[in-house]
Amino acid sequence: MSNQLVSYSKKGAIGVITVDNPPVNALGVVVRKGLMDGIASAEKDDVKAVVLICAGRTFIAGADITEFGKPPQEPGLHPALDSIEGCSKPVIAAIHGTALGGGLEVALSCHYRCAVAAAKLGLPEVKLGLIPGAGGTQRLPRVVGVEQALKMISTGEPIGAKEARERGLVDELVEGDLLEGALAFAQKIVDEKRPLVKISARDEKVKGTDPKLFAAIRSGLNKSSRGFEAPMHCVDAVEAAATLPFAEGMKREREIFVKAHDSVQSRAQRHIFFAERAANKIPDVPSDTPIMPIKHAAVLGAGTMGGGIAMNFANAGVPVYLLDSSQELIDKGIGIITKNYAGTVAKGRLSQEAMDKCLSLIKPTLSYDSFKDVDMVIEAVFEEMDIKKEVFKKLDAVCKPTCIMASNTSTLDVNEIAAVTSRPQQVIGMHFFSPANVMKLLEVVRGAKTSKEVLATTMAVAKTIKKVAAVVGVCDGFVGNRMIHPYAREAGFLLEEGALPQDVDRVLYDYGMAMGPFAMGDLAGLDVGWRIRKRKGVPAGKRHSKVADALCEDGRYGQKTQKGWYLYEQGSRTPVPDPSVEAIILREAEAAGITRRKISDEEILERCLYALVNEGAYILEEGFAQRASDIDVIYTFGYGYPVYRGGPMFWADSIGLKKVYERICEFQKIHGDDWKPAPLLKKLAEEGKTFTG
Ligand code: 3HC
Ligand code: NAI
C-alpha cells in the first residue's frame, strides 16, 4: 500500500519503504500514516527484511514543526514508531542528509541503521525549546551511553555518520548508492540471521549511571544555557532513561515534552526558526528571479569591518580583493586577519591548512583596476558621505556593468550614494555587524532603485557567507540601530530618575539580553556617540540626558580607557560599579531639576523594552521592515536578544498588545511625546491582534 508521500515496493527479497515529502521529509500526519501502512505491507509481503529510505535531499529531518501548537492528528508518531520496532522482519534505516529529531527517532526505532559518510544525525529539539518527544531521550542513551546522549540532546548538535558508526548509532557506512548499499546490508542481516535489535529492550549502557553526572551537567548548563528552560528538561528526560524502565521513561518523556511544547519559550524559539526562513522571502521579488553568480568579490577598506567582511568571503571559498589607501594600512589589515585566523587555529576550530587556504583567497591590492572583473564589491571605508561618493564614482568607472556595488554604511543614505553612479540599480547596502566575521546578522538595505536581481543575488550571497539576512529600507539607523536609540534613551533617563547603570543592566541581563545597555556602551566605546552628538547637536525642546556626555568629558570612553559606565581592571572585561559615576549621575539629575525616586525592576524593563517595541511598530508601518518577524530576526541575531523571548515584537505579542499600548500611553502622559504610541500598535491593540500573527 502507498499514499502520496510514502510508498512501498519490493526489491527481490527486501521491502522498501520510501518517504518522499519535500523539502525535508518532515513527519506530518500523512507520512506517519504512510510509515504504518508501509510496515503493514511488508508484514504481509513475502519479504525477509525492510529498508526505510527517503527521496530528495535528506532523510526525515524531524516532526513537522508547522503542526505544533495545533490540535494533534492521528496517528501520532508513537504508534508509527511502535509499528516499526514491532515489525517481525528486520527494518533498516538508510540515512543520507540529516536524520534529525523525529527523523532520528524513526531511525532509532528501526532494528539497524546504515548511512552514507556525509550524513548527520542529531536531536536538535532543544533549539526549538523542546525535548525529543518520540523516544529519543530514552533510546539514544541506550545506544551511545548516557553522557554522550546528554551532550547531543542538551546542545542539539548533530554528529557525523563516521562518529555515529564509532559510537554504535550507525551499524554500517555505505559507499556509493545508498539504496544499493542498504539492500546489500539488509541481505547480509538476513543471511547472517541477525536478531531484531530493539533498542527499547537494551539497558546495558544506562544501567548503573552515576547520579553525579546529572548534577555536573545541570551546573554546566546553568552557565552555558542561561535562561533557557529546555536544556534542563532534556537532562530530566535522559535521567529518566537511566533510572526508570523503558515504558515508564517514555511516560516521563511525554510529560516533559508536553510541558516544553506548551511553554512560551518553545513558541518563541519556533517563531524564530520560521522567522529566519521567512526573512529570506521578499514579497515582490519572485523566487525565480535570476541570481548572478558571485565568483570573485572585492572589499574596500581594510579596517575593522572590511577585514571581517573579506574573511566571510574567504571562509566561503570566494576569492576576494582587499583594497586600502596605502601598503601600510593593507599590511595592518592583513595582519589582523592573520591573527584572527591564528586564534581560531589555536582553539582547534580550524586547521592550519584551512587557514592558509583562506588567507590565499584574500588578495591585497592598492589599485581599483583589480576590480575590473569582480562580481560584487563591498565598500567599508570611513563613514563620511564625501569619501563614500568619491569611492562609488571610482567604482562606477572601473567595475563591469553587472557588478553589484554595496556599501557597509551604518548611518548614511544609500540612495544618495547610489545617485553618484550611472547605475543606481546595481547599488545596495550590506550592513554587517561587528565583528563582521563573527556576527550572524546582515541587514540588506534596499535602495529606491536597487534592482530585484541585485536584491535576490545579495540575499543568496548572504546565505553563501553564512549570514542571517533581513531586508531593510533606507532610514536613519536602518532597523536595528534606529530601534536601539529609544532603548538607550530610556536607559539614560532612568539613571537621572533614580536607577544606577548596574540596576538597569542587571534587569536586562536577567531578562536574557547578552548584556545591558551600559555594559554594551562600554564595550562599543562611548566616544563614538559623543562625537556624533557634538556634531549633530541635540534637537531643541527635547529632553536630553547629559550624563553620557559628562562621562566622555571626563575621558571615560568605556573599556578602551578602563573606565566608562563602569571601572575595568587592566586586561579585564568585568564591569565594576563606580561610585564616581553615581556622583556624576546625581549631579546631572540635580542640574536637570529631577528628583530621584526608587525605580522598580518592572519599570526598568518596560521603559527600555516598550521603547524598542514602539519604534519597531513605527518602522513596520513606515515600511522600512517587511514584517514584524524580520525585526525579531534582526534583534535575535544582531543584538543579543534572547531567542527564547522570540524577539521584541513576538515578546510584545506574548505580553498582549493591549497591555503594552496602555502602558505606553501612561508613559506618554508622564514623559511626553517621546512616547507617542505608534498608530499601528494602537490599531492592533484595539483590534485584539498581534504583530507576528
Ligand atoms: N517541519 C516543517 N518544516 C520544516 C522542517 C520541519 N521539521 N524543517 C525544515 N522545514 C522547512 C523550512 O521551514 C523551509 O521552508 P521554506 O522553504 O518554506 O522556508 C524548508 O523546510 C527548507 O528548510 P531550510 O531552509 O532550513 O533548508 P536547509 O537545507 O537549509 O536545512 C534542515 C535543512 C537542516 C533540515 C533544517 O531545515 C532544519 O534544521 N530543520 C529543523 C530540524 C529540526 O529541528 N527537527 C526537529 C523537529 S522537532 C521534532 O522532531 C520533535 C520530535 O522529537 C517529536
Ligand atoms: P575603520 O576606520 O576601522 O576602517 C576604514 C578603513 O577604510 C581604513 O583602513 C581606511 O584606511 C580605509 N579607507 C578610508 N578611506 C579610504 C579610501 N578612500 N579608499 C580606500 N580605503 C579607505 O572603520 P570601520 O569601523 O571598519 O567602518 C567602516 C565602515 O563600516 C563605515 O562606513 C562604518 O560606518 C561601517 N560600519 C562600522 C561598524 C563598526 O562597528 N565599526 C558596524 C557596521 C558598519
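The sections below set out a description of the structure shown in this document.

Analysis parameters
- Residues numbered from 1 in each chain as written.
- Chains lettered and ligands numbered in written order.
- Predicted model: local features only at pLDDT ≥ 70, side-chain atom pairs only at ≥ 80, totals over all residues.
- Heavy atoms only, no water.
- Near = heavy atom within 4 Å.
- Polar contact = N/O pair within 3.5 Å; in protein donor to acceptor, adjacent residues only side chain to side chain.
- Areas by Shrake-Rupley, 256 points an atom, 1.4 Å probe, with all protein chains shown as cover.
- Helix = DSSP H or I, 4+ residues; strand = E, 2+ residues; numbered from the N terminus.
- Buried < 20%, exposed > 50% of the residue type's maximum accessible area, 1.4 Å probe, protein only.
- Contact = heavy atoms within 4.5 Å.
- Core = buried A, V, L, I, M, F, W, Y, C linked by side-chain atoms within 4.5 Å.
- Phe/Tyr/Trp six-rings, centres within 6.5 Å; stacked < 30°, edge-to-face > 60°.
- Lys NZ or Arg CZ within 6 Å of the ring centre and 35° of its normal.
- Arc of directions from axis to C-beta.
- Nonpolar A, V, L, I, M, F, W, Y, C, P; charged D, E, K, R; others polar.
- Pairing = 2+ DSSP bridges.
- Axes fitted to C-alpha atoms, helices over the stretch in contact; angles between N-to-C directions.

If you check the shell around ligand 2, you find 22 residues, and the closest are Met305, Asp324, Glu383, Lys388 and Ser410. Separating an oxygen atom of ligand 2 from a side-chain N or O atom of Thr304 is a distance of 2.9 Å. Met305 is positioned with one of its backbone polar atoms (N or O) 2.8 Å from an oxygen atom of ligand 2. Contact with the protein chains covers 78% of the free accessible surface of ligand 2, which is 830 Å². Those elements giving two or more residues to the shell around ligand 2 turn out to be α12 (304–315), α15 (385–398) and β15 (427–432). With 3 residues, the top contributor of residues to the shell around ligand 2 is α15.

Turning our eyes to something else, we now look at the environment of Thr411. Positionally, Thr411 belongs in the loop between β14 (404–407) and α16 (414–419). Assessed through its relative accessible area of 38%, Thr411 is described here as partly exposed. When the C-alpha positions of Thr411 and Met385 are compared, they lie 9.7 Å apart, and in sequence the two are 26 residues distant. Non-local contacts of Thr411, meaning those with residues more than four positions away in its chain, are made with Glu383 and Asp476. A polar contact is formed between the side chain of Thr411 and the side chain of Glu383, at a distance of 2.5 Å.

Let us now look at the nonpolar core. Formed by 96 residues in total, the largest nonpolar core has its most connected members in Phe371, Val377, Leu395, Val504, Trp565, Leu681 and Phe691. Sort the elements by how many residues they give to this core and helix α24 (residues 601–622) lands first, with 11 residues. Contact partners of Val377, with chain neighbours within four places excluded, come to Ala298, Leu300, Phe371, Leu395, Cys399, Cys403, Ile404, Met405 and Ala406.

Applying the stated criterion across every chain, the model contains 15 aromatic pairs. Summarising the aromatic geometry, the rings of Tyr368 and Phe371 are spaced 5.8 Å apart at their centres and angled 50° between planes, so their arrangement reads as tilted. Summarising the burial analysis for this pair, Tyr368 and Phe371 share the class buried. Consider the rings of Phe667 and Trp675, whose centres lie 4.8 Å apart with planes at 50°: the pair is tilted. The same class applies to Phe667 and to Trp675, which are both buried. Above the plane of the ring of Phe273 lies Arg277, whose end atom (NZ or CZ) is 3.7 Å from the centre. If you follow Arg607 out to its NZ or CZ, it ends over the ring of Phe667, 5.9 Å from the centre.

Moving on: helix α19 (residues 501–511). Along α19, the positions that sit buried rather than exposed are Pro501, Val504, Asp505, Val507, Leu508 and Tyr511. All buried residues of α19 lie within an arc of 160° about the axis, which places them on one face of the element. Of the surrounding elements, those touching the buried residues of α19 are α18 (480–497), α20 (517–524), α23 (579–591), α24 and α26 (647–655). At the exit of α19 stands Gly512, carrying a positive phi of roughly 130°.

All right, on to the environment of Val170 then. Counting through the fold element by element, Val170 comes out in the loop between α6 (161–166) and β9 (172–174). By relative accessible area, which is 0% here, Val170 ends up buried. Along the sequence, Val170 and Ala107 sit 63 residues apart, while their C-alpha atoms lie 9.5 Å from each other. The residues contacting Val170, other than those within four sequence positions of it, are Arg113, Cys114, Ala115, Leu121, Ala161, Ala164 and Arg165.

What follows is about the site of ligand 1. By nearness alone, 24 residues border ligand 1, and Arg57, Glu105, Glu125, Arg277 and Lys281 come closest of all. Here Gly133 contributes a backbone N or O atom positioned 3.0 Å from an oxygen atom of ligand 1. In this structure, Arg277 approaches ligand 1 through a side-chain N or O atom, which is 2.7 Å from an oxygen atom. Alone, ligand 1 offers 980 Å² of accessible surface; in the complex the protein occludes 74% of this. Elements represented by at least two residues in the shell around ligand 1 include exactly β5 (98–100), α3 (102–109) and α11 (264–278). Among the elements that take part in the shell around ligand 1, α11 stands out by supplying 3 residues, more than any other. Across the shell around ligand 1, the residue classes break down as 13 nonpolar, 5 polar and 6 charged.

Right, let's talk about the sheet that holds β5 for a bit. Read across the sheet, 3 strands follow the order β5-β7-β8 without closing on themselves; strand pairing throughout is mixed. Single-partner strands in this sheet number two, and they are β5 and β8 (159–160). As paired elements, β5 and strand β7 (residues 120–122) share 3 bridges and run parallel to each other. The residue of β7 that forms the bridge with Leu100 is Gly122. Against the sheet, α3 touches β5 and β7, its axis set at about 90° to β5.

Treat this as a map of the structure, not an account of what it does.
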